[in-house]
Amino acid sequence: MDCTQDRHLLDAYLDGELGFERSLEVEAHLASCPRCALQIQSWKEFRPTMRGSELYYRAPAPLAENMRKLIPRTRRVPWLERWVWAGAGAAFATAAWIAVFTVIHPPVRSFDQEIVASHIRSLMANHLMDVVSSDQHTVKPWFDGKVDFAPPVQDFSAEGYPLAGGRLDYLERRNVAVLIYHRALHVINVYVWPAEDNHHSSVDLQTMQGYNVLSWKKNGFEFRVVSDLNAAELRGFAHLLAGDQ
Amino acid sequence: MPDRFEQVVLPHLDAAYNLARWLVRSPADADDVVQEACLRALRFFDGFRGGDSRAWLLKIVRNTCYSWIRKNRPSTLADEFDETVHTGEKAGEGVEAELISRDESDRIRKALEMLPVTFREVLVLREMEGFSYKEISEVTGVPMGTVMSSLSRARQKLRDQLETGTRKEV
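Everything numeric here is computed off the predicted structure, so don't read it as measured data. (Residues numbered from 1 in each chain as written. Chains lettered and ligands numbered in written order. Predicted model: local features only at pLDDT ≥ 70, side-chain atom pairs only at ≥ 80, totals over all residues.)

Colleague: Could you give an account of the overall build of chain B, with specific residues and numbers?
Modeller: Helix and strand content of chain B: 9 helices and 0 strands. Secondary structure elements of chain B, listed N to C terminal, follow the sequence α-α-α-α-α-α-α-α-α. The long-range share in chain B, meaning contacts at least 24 apart out of those at least 6 apart in sequence, stands at 71%. (Helix = DSSP H or I, 4+ residues; strand = E, 2+ residues; numbered from the N terminus. Contact = placed C-beta atoms within 7 Å.)

The following block contains the structure:
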């Protein structure tokens, strides 16, 4: 690698956007070029400030309020038409629902959709956390007596995923423990409940409504991780979580 | 439909505002731009086929910002350093305030505000939103290779800017 020509490779390396072989090339170069190594190092040190809340402009509350008001108003004009369509749609959906339930029975709204909806609700309704603490020894005992299992709770501040707290959720007719982590300004919800069997499964990714959902089973627990964080970093987090229990 | 719109758009309102605030650089204008963008999003919502709703919304916000800039600050679109920037707390506070403001975030804020809009944009999307190159390319409509090189140039300019900024302070 020639760093006078291929400077952008350093950036792609920094952003985790290089394939395995190119990454090795860059690493070999870094070992022999103190200037580039320093540049990478200094950007890594600089990054947390860049990602901190000081530089992030959150939407002012009145703006969010206005947006909420705006939605029904702009939809008012074709309401009759919409209701007719909605009515027809609902009738059709009900028929389809019944058909699905009577003929074949996998539910239409999957469990993962339910989890994504729960994640969105947690962001919208100011109901993100029931216990706010970055201390695993506060969060873990909090679940005592609220769920019939002891979820694995760990803080990953050192790795850039600080524990923020926990809450209870009710999904698929059972209590589920939810751990909340942060990555910069992203919220990561981790859903944990006892698995029905003792199988292990590897981390599986799907994208729903723009959210990444990772799922796996390990040590008798089932895990779902939901966030709008990019897939690569979220996977890194999942491996921390899965690896250290 | 409005319910679904609420679920798709409102959770990303902070991201929308942050991007707009960095691109147009004033709270009141960012407010207007985000409202306008949400109205557009509502209008286009039937065309949203699922997928990454945050990138979808930010793309609309980004395009609305550019329309706003083209109309109100066309000179700042030139790919150069922007000397006309009003860094908020200007007149009256004097040189002393400048000297004292060694706060790291503040320094970065000022340096970042001086960068050309295309550089601000990639840095906000990459560093603050944690977008991948593919997502940035989706939002900005430029190829991934261009995303990579403009990020590289943006970081270099930010470094330069921070250095000259520091020298001025000393």
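Structure's up, so let's keep going.
Colleague: A description of the overall build of chain A should follow, citing residues and the corresponding values.
Modeller: Secondary structure summary: chain A contains 8 helices and 7 strands in total. Out of the 245 residues in chain A, the part that is buried amounts to 25%. In chain A, once contacts between residues fewer than 6 apart in sequence are set aside, the share between residues at least 24 apart is 50%. (Buried ≥ 20, exposed ≤ 12 C-beta atoms within 10 Å, placed from the backbone.)

Colleague: Explain the interface of chain B and chain A to me, using residue names and the numbers behind them.
Modeller: Taken together, the contacts link 39 residues of chain B with 39 residues of chain A. Secondary-structure elements contributing two or more residues to the side of chain B that touches chain A are helix H1 (2–9), helix H2 (13–24), helix H3 (27–44), helix H4 (53–72), helix H6 (104–114), helix H7 (117–128), helix H8 (133–140) and helix H9 (144–169) of chain B. Classifying every residue of the side of chain B that touches chain A by side-chain character gives 16 nonpolar, 11 polar and 12 charged. (Nonpolar A, V, L, I, M, F, W, Y, C, P; charged D, E, K, R; others polar.)

Colleague: Residue-level account of the pairing of strand S2 (residues 163–171) of chain A, with values.
Modeller: All names here are of chain A. Both strand S1 (residues 131–132) and S2 contribute to a ladder of 2 bridges, which runs antiparallel. By the bridge assignment, Val132 is partnered in S2 with Gly165. Judged from the 8 bridges that link them, S2 and strand S3 (residues 174–183) form a sheet pairing that is antiparallel. Note that in S3 the partner of Arg167 across the bridge is Val178. Between the end of S2 and the start of S3, which pair antiparallel, lie 2 residues, with Glu172 showing a positive phi angle near 50 degrees. (Pairing = 2+ DSSP bridges.)

Colleague: Give a description of the environment of Trp43(A) that names residues and reports values.
Modeller: Its location among the elements puts Trp43(A) in helix H3 (residues 34–51). Trp43(A) sits in the partly exposed class, given 17 other C-beta atoms within 10 Å. Residue contacts for Trp43(A): discarding those within four places in its chain leaves Leu14(A) and Arg155(B).

Colleague: Any chance you could break down the pairing of S3(A) for me, citing the residues and the numbers?
Modeller: Residues and elements named next belong to chain A. Among the 10 residues that make up S3, 7 are buried, leaving the element largely enclosed by the rest of the structure. Sheet analysis places S3 next to strand S4 (residues 186–194), joined by 7 bridges and oriented antiparallel. What sits directly across from Ile180, in S4, is Asn189. Hairpin geometry of S3 and S4 is characterised by an intervening segment of 2 residues between the two adjacent antiparallel strands and by a positive phi of about 50 degrees at Ala184.

Colleague: Explain the sheet that holds S1(A) to me, and be specific about the residues and the numbers.
Modeller: Residue and element names in this part refer to chain A. Reading across the sheet, the 7 strands line up as S1-S2-S3-S4-S7-S6-S5 and stay open at both edges, with antiparallel pairing between neighbours. The strands lining the two open edges of the sheet, one partner per strand, are S1 and strand S5 (201–208). Inspection of the sheet shows S5 paired to strand S6 (residues 211–218) by 6 bridges, in the antiparallel sense. Each residue of the ladder has a partner; that of Met208, found in S6, is Tyr211. Sheet strands in contact with helix H6 (residues 111–124) are S2, S4, S5, S6 and strand S7 (221–227), and its direction is about 120 degrees off that of S6. Its contacts with the sheet put helix H8 (residues 231–243) on S3, S4, S5, S6 and S7, and the angle it makes with S6 is roughly 20 degrees. (Axes fitted to C-alpha atoms, helices over the stretch in contact; angles between N-to-C directions.)

Colleague: Help me get a handle on the confidence of the model for chain B, residues and values and all.
Modeller: All names here are of chain B. Overall, the predicted model of chain B reaches an average pLDDT of 81, with 80% of residues at or above 70. Below pLDDT 50 for its whole length, residues 81–102 participates in 15 contacts with residues either more than four positions away or in separate chains. ipTM for the predicted complex: 0.82, alongside a pTM of 0.57. (pLDDT = per-residue confidence, 0-100.)

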